[in-house]
Amino acid sequence: TAILILNGPNLNLLGTRQPDVYGHTTLADIEAMCRNKAKALGIELGFGQSNHEGALVDEIHGARGRFDGIILNAGAYTHTSVALRDAISSVDVPMIELHLSNVHAREEFRHKSFISAVAVGVICGFGARGYALALEAMLGHLESSG
Ligand code: DQA
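What you see is a predicted model, and the numbers here were worked out from it, not measured in a lab.

Parameters and conventions
Residues numbered from 1 in each chain as written. Predicted model: local features only at pLDDT ≥ 70, side-chain atom pairs only at ≥ 80, totals over all residues. Helix = DSSP H or I, 4+ residues; strand = E, 2+ residues; numbered from the N terminus. Expected span 1.5 Å × (residues − 1). Contact = placed C-beta atoms within 7 Å. UniProt positions renumbered as here; feature names shortened; annotations may be inferred. Buried ≥ 20, exposed ≤ 12 C-beta atoms within 10 Å, placed from the backbone.

Q: Any details on helix α5 (residues 129–145)? Residues and values, ideally.
A: When the terminal C-alpha atoms of α5 are compared, their 24 Å separation across 17 residues agrees well with the 24 Å that a helix rising 1.5 Å per residue should span. On the buried face of α5, the contacting elements are β1 (2–7), α2 (27–41), β3 (69–73), β4 (95–99) and β5 (121–124). Two residues or fewer after α5 comes G146, characterised by a positive phi angle close to 45°.

Here's what the structure looks like:
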């Protein structure tokens, strides 16, 4: 089993970016935590980040046939991108939508997600721990959808 964790714009700045909202954990910390978790679960992990919408689309296309699931923190593109939604719809790879913050407790414009409708499920509000939760959730989904 191989799972791709894909991070969108500004998430490269985690740790220093609005720590009151996103915490002090860096993306490198999150990657290390996910790699440990993946090893413990006996799965392969891909981990990426881009600030560019088209690059994220390319990563999603590239996941076809290589990964069994995608965990996607699309950052602000969550709330704007038809292209990311269409990319997910175009590859036969289940996706879990992830956010560090509880987007529903924040500004109105963060309440709308273009990608939720094409996600298996959504995890938000648990900070960096959400990544570990999403890995477990994806494994459970893959096992039950067999
Ligand atoms: C985010 C929430 C988005 O609204 C925001 O634009 C981000 C990060 C989160 O992880 O909480 O960049 O996806």
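Q: Quick rundown of the UniProt feature "site: Transition state stabilizer" (unreviewed entry) in the chain? Include the residues and the values.
A: Residues annotated in UniProt with the feature "site: Transition state stabilizer" (unreviewed entry) correspond here to R17. In this structure, R17 sits in the loop between β1 and α1 (19–22). When near neighbours in sequence (up to four residues on either side) are disregarded, R17 contacts N10 and Y22.

Q: Can you break down unusual backbone geometry residue by residue, with the values?
A: With a phi close to 75°, N10 is a non-glycine residue in the positive phi region. As for its placement among the helices and strands, N10 is situated in the loop between β1 and α1. Take N10: there are 14 C-beta atoms within 10 Å of it, and that puts it in the partly exposed class. Within the chain, Q18 stands out as a residue other than glycine whose phi angle is a positive 35°. With respect to the helices and strands, the residue Q18 is situated in the loop between β1 and α1.

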